[in-house]
Structure formats: C-alpha cells, structure tokens
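# Coordinate inspection notes
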Amino acid sequence: MLKRWPKRREFLLYYLLVLYSKATGKKCMNRGEYVELLAPVAGSKNLASRIVKILVRQGFLERVKPLVYCVKPLDEVLGVTLVNYVAGRLRRKGINVNVEDRKLVVAGEECEKLKVLMNIGILECKDFAELLQGQR
C-alpha cells in the first residue's frame with residue numbers, strides 16, 4: 001500500500017520497469033539486474049539501488065526471494081491503495097468498514113448509501129451476523 005504518493009522520478013522509473021517486463025516477458029529479476037537497468041537513467045548505480053529499495057517499500061516491487069523482486073501491475077497497486085483510502089475516509093465519517101481481500105465490507109443501512117462503490121466492484125454488503133462470525 002502506498003503511504004505517500006511516489007515522486008515523479010520513482011514513478012517513472014517504476015513505469016520503465018513495467019514496460020521492460022512486458023517487452024522481455026521477465027516479471028521477476030534480481031536486484032542487480034534492476035540496478036543495471038535503471039542506472040543509466042537514474043544517474044548512478046547508488047541512486048538506482050536506493051530507488052529499487054523505495055519501490056519495494058512502497059509496494060511497486062514484490063519480494064519473492066532474497067534479492068529477487070517481481071514488478072507488480074499498476075492497477076493492482078492502485079487498487080489496494082484505493083480500497084484502503086476509501087476505507088479510511090468512510091471510518092472518519094463513522095461508517096463501520098472492514099477490508100477483506102481487497103474489498104470493502106459494510107453491514108447494515110450504510111450499504112444502501114454506498115451503491116456506487118458496489119457497481120465498480122470494491123464493496124461487499126453483509127449482515128451484522130455474518131460480520132460478527134468473520135471477526136471471531
């Protein structure tokens with residue numbers, strides 16, 4: 001999940017990795033390959049290494065083994081961020097919301113107010129009894 005929006009350089013270098021993975025078919029590479037790929041654009045290997053660390057921390061790259069990372073699709077990263085953002089906003093309004101499997105789970109009459117979110121597929125309505133069973 002994104003804790004802060006990425007800087008332009010970070011985001012564009014991530015997008016470069018997405019395009020590279022699509023062109024070559026390599027979804028996962030080791031850290032050294034990412035650094036070698038980004039170094040000419042980033043300016044130095046040291047800076048490219050730091051950017052790879054930042055991309056891993058922010059969730060754009062997923063660690064599968066020690067020093068082996070896979071590029072996550074952009075819509076997956078933004079989908080997780082959207083669900084967590086909307087859940088936080090609804091909680092501030094006093095609506096009881098849970099996040100399960102990248103979907104918002106709402107019970108009761110609040111569900112009727114949030115039909116728009118159900119249409120795009122990020123909201124699931126449940127009864128209070130179902131919610132209580134799921135929390136146990």
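Residues numbered from 1 in each chain as written. Predicted model: local features only at pLDDT ≥ 70, side-chain atom pairs only at ≥ 80, totals over all residues. Heavy atoms only, no water.

Here we come to the packing of aromatic side chains. According to the stated counting rule, one finds three aromatic pairs in the structure shown. Note on Phe11 and Tyr14: the rings are 6.2 Å apart at their centroids and 45° apart in plane angle, and the pair reads as tilted. Linking Phe11 with Tyr14, this pair stays in helix 1 (residues 8–24), spanning three residues, or about one helical turn. The exposure class assigned to Phe11 is partly exposed, which follows from its relative accessible area of 26%. When its relative accessible area of 0% is taken as the criterion, Tyr14 is described as buried. Considering the side-chain rings of Tyr14 and Phe60, the 4.6 Å spacing of their centres and the 45° angle between planes classify their relative orientation as tilted. Remark: Phe60 occurs in the loop between helix 3 (45–58) and strand 2 (61–65) and Tyr14 occurs in helix 1; sequence separation between them is 46 residues. Each member of the pair, Tyr14 as well as Phe60, is classed as buried. (Phe/Tyr/Trp six-rings, centres within 6.5 Å; stacked < 30°, edge-to-face > 60°. Helix = DSSP H or I, 4+ residues; strand = E, 2+ residues; numbered from the N terminus. Buried < 20%, exposed > 50% of the residue type's maximum accessible area, 1.4 Å probe, protein only.)

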